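If you want the building blocks of each chain, they are given just below.
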Amino acid sequence: SVAIETAEGLANGTVKKSKPKRKSLINRLIEDTPPGQNLMWSKVKETVDKNTDGNYPAPYEIIDCVKYGLAHPGMEKFKHEREGFAKLAAT
């Protein structure tokens, strides 16, 4: 398959890894600055509120897990995710 051929090519050096694309100024401001991140998360919450009317806890727990995972790059994030899942499973 294409995936296997590409993986083999990357491993033996016949396929070169593509260079990452540069972020636009707007993306850098949103993704890489605290005010931009706050704006992004508030828009995410606003969209979830609009689509769920606040009736479903899972989307909010997912948002919390993603935010926590981005802020805590170690294995601790998996414990937080596991605890969030257990809390949802109990409801």
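Up top is the structure.
Residues numbered from 1 in each chain as written. Predicted model: local features only at pLDDT ≥ 70, side-chain atom pairs only at ≥ 80, totals over all residues. Heavy atoms only, no water.

Right, let's talk about the overall build of the protein for a bit. Helix and strand content of the protein: five helices and zero strands. Ordered by position from the N terminus, the helices and strands of the protein form the series α-α-α-α-α. Since a compact globule built from 91 residues should have a radius of gyration of about 12 Å, the 19 Å found for the protein marks it as more spread out than a globular shape. Considered along the principal axes of its C-alpha atoms, the protein spans approximately 50 × 35 × 25 Å. Per-residue burial over the protein gives 13% buried out of 91 residues. Within the protein, residue pairs in contact and separated by at least 24 positions form 19% of the contacts whose partners lie at least 6 positions apart. Of the roughly 7,700 Å² that the protein leaves accessible, carbon and sulfur atoms contribute 61%. (Helix = DSSP H or I, 4+ residues; strand = E, 2+ residues; numbered from the N terminus. Rg over C-alpha atoms; globule rule 2.2 N^0.38 Å. Buried < 20%, exposed > 50% of the residue type's maximum accessible area, 1.4 Å probe, protein only. Contact = heavy atoms within 4.5 Å. Areas by Shrake-Rupley, 256 points an atom, 1.4 Å probe, with all protein chains shown as cover.)

Time to look at the environment of threonine 47. Position of threonine 47 relative to the elements: it lies in helix H3 (residues 34-52). Overall, threonine 47 belongs to the partly exposed group, its relative accessible area being 43%. Taking the C-alpha atoms as reference points, threonine 47 and alanine 86, separated by 39 residues in sequence, lie 25 Å from one another.

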